[in-house]
Amino acid sequence: MPFIPHTHADKESMLETLGIASIADLFDEIPDRIKCDSLPDIPDGISEMAMLHHMAHRAQEDASGVCFLGAGCYDHYIPAAVWDIASRGEFLTAYTPYQAEASQGTLQLVYEFQTMLASLTAMDVANASVYDGASALAEAILMAVRVNRKSKSRRVLVPASLHPSYLATVRSIVTHQGIELELMTSHEGLTAVSDVDLENAVAVVVQHPNFLGLLEDVDVLTNRAHDVDALVIGVVNPMSLALLKPPGDWGDTGADIVCGDGQPLGIPMASGGPSFGFLCTRMIHVRQLPGRIAGRTQDKDGNHGFVLTLQAREQHIRRAKATSNICTNQGLLVTAATIYMTLLGPQGLHEIASSCVHNTHRLVDRLTELPNVSMRFATPYFHECVLDFGESTEALQQRMLDNGILPGYPLTGLIDKGDQAMLVCATEVRTEQDIDRYYQELTNG
Amino acid sequence: MVETIFDKSRPTRRAVAQRVKEGFAQQPLPEHQLRSAPPMLPEVSELQAVRHFTNLARKNFSIDTHFYPLGSCTMKYNPRGVHRAAMQEGFLNRHPLTPTSHSQGVLACLFELQELLQNVTGTAQVCLTPMAGAQGELTGALMIKAYHTDNNDHERTEIIVPTAAHGTNPATASMAGLIAKEVEVDADGDVDLESLKRVVGPKTAGIMLTNPSTCAVFERRIQAISDIVHDAGGLLYYDGANLNAILGRARPGDMQFDVLHLNLHKTFATPHGGGGPGAGPVGANELLAPYLPTPMVTKTENGYGWLDRSVRPKSIGRLSSFMGNVGILLRAYAYSMMLGANGMRNVSAYATLNANYLMKRLSNAGFHPAYPDRRATHEFAISLRQEAKATGVTAMDFAKRLLDYGFHAPTTYFPLLIPECFLIEPTETETKEELDAFADAMIAILKEAQTDPDLVKQAPHQQPVGRLDEVQAVRQLDVTAH
Ligand SMILES: Cc1ncc(COP(=O)(O)O)c(C=O)c1O
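Residues numbered from 1 in each chain as written. Chains lettered and ligands numbered in written order. Predicted model: local features only at pLDDT ≥ 70, side-chain atom pairs only at ≥ 80, totals over all residues.

Caption draft 1: View of the domain arrangement of chain B. Residue and element names in this part refer to chain B. Segmentation of chain B into domains returns domain 1 (1–59), domain 2 (82–338) and domain 3 (346–457). One C-alpha centre belongs to domain 2, the other to domain 3, and the line joining them spans 30 Å. Contacts between domain 2 and domain 3 engage 18 residues on the former and 16 residues on the latter. Across the side of domain 2 that touches domain 3, the residue classes break down as 10 nonpolar, 6 polar and 2 charged. (Domains from an automatic or database assignment. Contact = placed C-beta atoms within 7 Å. Nonpolar A, V, L, I, M, F, W, Y, C, P; charged D, E, K, R; others polar.)

The structure is reproduced here in C-alpha cells:
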C-alpha cells in the first residue's frame with residue numbers, strides 16, 4: 001500500500017477499538033446505489049522506480065531547443081540555491097500560515113517578499129500572491145472598480161497591445177460583475193493616447209513593456225487617466241523594473257495598482273505554471289487588496305513576530321462580501337522569488353535586466369542585417385522585439401524547430417500581417433553563439 | 001528581536017550565484033524611461049542568504065516535520081519521488097508556447113491525467129487549467145451561468161450554499177455575479193431538506209455542495225437534494241475538497257453532480273508550499289462539458305494537441321496566462337500512477353479508518369464529537385464548548401498549546417456553526433502511534449485546562465514567539481520593512 005503505514009496488527013487493533021469487523025463498515029452511511037467497488041479503467045499502481053522511468057522518458061520527449069521565445073514567460077538562469085532551499089520540506093510541505101506561531105518562517109519570508117515587491121514597483125504594499133499574471137490583472141480590475149466608488153461608470157479601458165491571454169482571462173472573469181472592457185486603439189504598436197476617449201473610465205490598464213515588447217508613454221497615459229479620475233493599473237514584468245521607471249513613479253502621481261507575473265524571478269518556465277501573480281497598491285487602498293498579507297506585530301513579551309493581517313478582507317471571514325474568492329495562492333513560488341531577489345540584490349538584478357536588453361538588441365541588429373528581415377515597429381523596446389520576416393513564418397518556424405531553435409512567437413492574427421512576424425527575445429542566458437546559430441539557420445533557408 | 005534579511009544588508013555586498021559579463025555599451029533605452037534610484041533589495045553574500053532562509057525554514061511546522069491534522073486540507077505525505085519526477089529538466093525547461101510537435105511528452109501526461117480524473121469522478125470531460133479549488137469553483141459557477149444563459153433562462157441569479165460551507169463557496173458566487181442563498185444544516189450535519197425546499201425556486205441557478213460535507217459527515221440524502229434542485233431547474237456543483245474520504249468508493253458523477261472541482265493539492269498529495277500552489281481541475285457531465293474552460297488537451301492520430309475556443313465555441317474561455325499549474329498536474333499524475341486503482345481505494349479506506357479511530361479515542365477520553373451518532377469520514381469535528389465553559393480555555397488556546405506538544409493544530413472555528421470547533425483530519429499516511437500520541441496530548445491539555453488554565457491560555461511557550469497580537473497587526477499596520 002503506497003504511503004500507508006498500517007501493519008496488519010495496527011489495522012486489527014484499530015478495528016477492535018471501533019468495534020467493527022472491517023473497514024468497509026465505516027462506509028455504511030453511503031447509500032449503496034452510489035457506491036462503486038472498483039475503478040476498472042485505472043491501471044494497477046507501479047513502483048517509484050517505474051514511475052520515474054516513465055516520467056524521464058516523457059520529459060525527454062520535450063527536448064526543447066535554444067529558446068528565443070518570450071511572450072510572457074522567460075528563459076532566465078536560476079541560481080542553484082533558489083530551489084535547493086525552496087524545496088526544503090519545511091517550506092514545501094507547510095500549509096497556509098494560519099497558526100502564526102508555528103509558521104514564522106513562511107510569514108517572515110512573505111513580509112520580506114512584500115517589502116521587495118513594494119520597493120521594486122515603488123508602491124506601498126504588496127500581497128502574498130495570486131495565481132498568475134493574467135488572473136492578477138483580473139483581480140486588479142475588480143479591485144479598481146471597488147476602490148473607485150465615486151465613479152458611477154463600469155468602463156475599464158485596456159490596451160490593444162495587452163498580452164492576448166491576459167485579455168482573454170480578464171474577459172472570462174470580470175465581465176460577470178457588470179464591468180465593460182473597452183479596447184484602446186494602438187498606433188505603431190503603442191497605445192494611441194490622443195485617440196482614446198477617457199471620459200467615464202473607472203480605470204485604465206497600461207502594460208509596460210507591452211505585449212510587443214515596446215515601451216509605452218507611461219507618463220502621459222498615467223496623467224491623462226488621472227485627469228479624469230480614472231485609476232491606473234500597471235501590468236509589468238518585475239525583471240524590467242531593475243532598469244525601468246517603476247509604476248509608482250509614472251506621471252505626476254504614479255499608478256494606483258500594479259500587477260504582473262513573477263515568473264522571471266527564479267521560477268522555471270515549466271510549461272507556464274506554477275508561477276505567481278503579484279498585486280501592489282497604495283496604502284489608502286489596502287483594504288480592497290485581495291489575497292493574503294503578512295504583517296509584523298508583537299507577542300506579550302514584546303518580541304516581534306509575523307501574522308496574516310487584515311484577514312477581514314478574505315473569504316474565510318467575509319464570505320460573500322470578500323474582496324476575492326482566492327484561498328490557496330502560489331506561496332512556494334513566492335518563496336523561490338524571494339530567495340532569487342536576495343541572491344541577486346539590486347546590482348545583480350540590474351545586470352541581468354541589462355544583459356537581456358543588450359542580447360535582444362544584438363539579436364535584432366544581427367538578424368536585420370538580412371535583407372528580408374526588418375523591425376516592425378520603429379520604437380524603443382525592452383527585451384522583446386517584433387521582427388518582420390517578409391514571408392509567412394510557418395515554414396521557417398518548423399525548419400528552425402527541427403534544427404533545435406525556438407525562433408520566437410508567431411503573431412498570426414494578433415497584429416496586421418502577423419503571419420509574417422514573430423516576437424523574439426534573447427535573455428541573459430543566450431550567448432553570442434546562440435545568436436549566430438539563429439542567423440545561420442535563417443540564411444540557410 | 002528578529003532580524004529581517006534587510007537588517008543583514010550592507011551596501012555593495014554581493015552573492016556571486018549569478019553574474020553576467022559586465023560593461024555593456026550604453027543602454028539603448030530612452031533616459032526618461034529609466035529608473036532613477038535602485039530598488040531596495042538586500043545586499044548580502046550567498047552564504048548569508050542561504051543561512052537566513054534555511055533558518056527561516058526551521059521556524060515552520062510542516063508535514064515533513066510534524067503531524068498536521070488540519071481539517072479540510074488533507075495534509076498527507078507529499079512523496080519525494082513525485083517531486084523529483086516533476087523537477088526534471090525536460091519539464092522545467094519547456095516554454096509554454098512551444099509548438100505541440102515538440103511538446104508531446106507533457107501533453108501525453110496531461111491527456112492521461114484528464115482521462116484518469118474523468119474515471120475517478122464519473123464525469124464526461126475534465127479541464128485541468130484552474131489553479132486552485134477556488135478557481136475551480138468560479139469555473140463551475142460560470143459554466144452553470146453560461147448554461148442557463150444559453151437556454152435563455154436569465155432569471156436564475158441565485159446559488160444555494162449550506163450555512164456550513166467553506167468561505168470560498170459564497171465568495172465564488174459573488175465573483176460570478178450570482179447571489180449566495182444559504183440553506184440550513186440540521187442537527188445531524190445533513191442539509192435540511194425543508195430549508196432547501198424553501199430557498200429553491202425559479203431563481204435557482206444551482207447548489208454548491210461538499211460531500212462529505214464541511215461538517216465532516218457524508219451527506220446521506222444526496223439523492224433527494226439532487227432531485228429537489230434538478231426538478232427546480234437548478235444544477236449541482238460538487239466542491240471536491242473532501243474527495244479523499246471517498247476516493248474510488250463513490251463518484252460525484254454517480255451522485256448526479258453536474259460539475260465539480262478537485263483539489264489536487266489535497267487528494268492527490270501535491271505539496272501546499274506554505275500557501276500554494278494547488279490545482280483545481282474541473283469535470284463536467286455531458287450537459288455542461290461544452291462550457292469547460294480552455295485550453296484542454298486532445299488526442300488525434302497526429303498526436304496530442306490543444307483544444308481552444310475555435311473548436312469549443314461554448315467554452316467560458318481562458319482562466320490563466322498559459323495552461324494553469326502544469327507542474328502540479330504532473331505531480332498528481334505521477335502520484336496516481338504509483339497508487340493505481342487499489343492504491344486509491346486504500347487512500348479512502350485508511351484515511352477513514354484513521355479519522356474514526358482518533359474520534360473514538362477522543363470521545364472515550366471525554367471529548368465531544370459534534371455528531372456523535374455519525375461515522376467520521378476522512379475527518380471529524382469536535383466541539384470544545386463544554387470544556388471552554390468549564391475552564392475558560394477556548395479552542396484557540398487548545399490549538400496553541402498543541403504546538404508545544406509538537407503537533408500542528410487542527411482547523412479551528414470551522415465550520416462556524418459548531419461552537420469552539422476543532423476539525424481534525426489525520427489522513428491515511430499517519431501511523432497509529434502518531435494518532436495515539438495526538439490523543440494523549442489532547443488529554444494532557446484538558447488536564448492542564450482543569451488544573452492550570454493560564455498555562456494553556458498563555459500558550460504557546462516553546463515556539464520562536466509567544467502568542468502574537470493580531471489586533472495590533474491590524475491597528476498598526478506594518479507590512480513592509482522600509
Ligand atoms: C471545503 C473547501 N472548499 C474549497 C476550498 C478552496 O480550495 P483552494 O484553497 O484550493 O482554493 C477549500 C480549501 O481549503 C475547502 O476546504
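Caption draft 2: Layout of the packing of helix α6 (residues 133–147) of chain A against helix α7 (residues 164–174) of chain A. All names here are of chain A. For the pair α6 and α7, the least separation of the axes is 8 Å and the interaxial angle reads 45 degrees. Taken together, the axes of α6 and α7 lie oblique to each other. Judged by the twist between their axes, the crossing of α6 over α7 is right-handed. Of the residues in α7, those touching α6 at G133, A134, S135, L137, A138, I141 and L142 are S165, Y166, T169, V170, I173 and V174. (Axes fitted to C-alpha atoms, helices over the stretch in contact; angles between N-to-C directions. Helix = DSSP H or I, 4+ residues; strand = E, 2+ residues; numbered from the N terminus. Parallel < 35°, antiparallel > 145°, perpendicular 65-115°, else oblique. Left-handed = near helix turned anticlockwise from the far one by under 90°.)

Caption draft 3: Structural detail: the interface of chain A and chain B. Each side of the interface is counted separately: chain A has 163 residues, and chain B has 170 residues. Of all the elements, helix α10 (residues 331–367) of chain A adds the most residues to the side of chain A that touches chain B, at 22 residues. Broken down by class, the residue content of the side of chain A that touches chain B amounts to 82 nonpolar, 55 polar and 26 charged.

Caption draft 4: Examining unusual backbone geometry more closely. P295(B) follows T294(B) through a cis peptide bond whose omega is -5 degrees. Mapping P295(B) onto the fold places it in the loop between β7 (282–284) and β8 (296–300). In this model, A459(B) is joined to P460(B) through a cis peptide bond whose omega is 5 degrees. With respect to the element layout, P460(B) can be found in the loop between α14 (453–457) and α15 (470–475). With phi around 55 degrees, A71(A) is a residue other than glycine that occupies positive phi space. Mapped onto the secondary structure, A71(A) falls in the loop between β1 (66–67) and α3 (80–86). Backbone geometry at R319(A) places phi at a positive 50 degrees, although glycine is not the residue there.

Caption draft 5: Inspection of the site of the ligand at higher detail. Lining the immediate surroundings of the ligand are 16 residues, of which C327(A), T328(A), G133(B), A134(B) and A241(B) lie closest. Per-site note: the chains with residues close to the ligand are chains A and B. Here the residues of the shell around the ligand sort into 5 nonpolar, 10 polar and 1 charged. (Near = placed C-beta within 6 Å.)

Caption draft 6: Spotlight on helix α8 (residues 222–231) of chain B. Residue and element names in this part refer to chain B. Listed in full, the buried residues belonging to α8 are I222, I225 and V229. Along the axis of α8, the buried positions cluster into a sector of 60 degrees, meaning they face one direction only. Across α8 from its buried face, at more than 90 degrees, point the exposed residues D227 and D231. The inward-facing, buried residues of α8 abut α7 (193–199), β4 (204–210) and β5 (235–240). Directly after α8, the chain includes G233, whose backbone phi takes a positive value near 90 degrees. (Buried ≥ 20, exposed ≤ 12 C-beta atoms within 10 Å, placed from the backbone. Arc of directions from axis to C-beta.)

Caption draft 7: Molecular detail of the nonpolar core. Counting 307 residues, the largest nonpolar core has I141(A), A144(A), A203(A), I233(A), Y237(B) and A334(B) as the members making the most contacts within it. Here this core gets 22 residues from one element, more than from any other, and that element is helix α10 (residues 326–364) of chain B. Among residues more than four places away in sequence, those in contact with Y237(B) are G140(B), I144(B), G206(B), I207(B), M208(B), L209(B), F257(B), V259(B) and L260(B). (Core = buried A, V, L, I, M, F, W, Y, C linked by C-beta atoms within 7 Å.)

Caption draft 8: Structural view of the domain arrangement of chain A. Residue and element names in this part refer to chain A. The domain architecture assigned to chain A consists of domain 1 (66–76 + 345–444) and domain 2 (80–338). On a C-alpha basis, the centres of domain 1 and domain 2 stand 28 Å from each other. Every contact between the two is made by 22 residues of domain 1 and, on the other side, 21 residues of domain 2. Going through the elements one at a time, α10 and β14 (384–388) are the ones with two or more residues in the side of domain 1 that touches domain 2.

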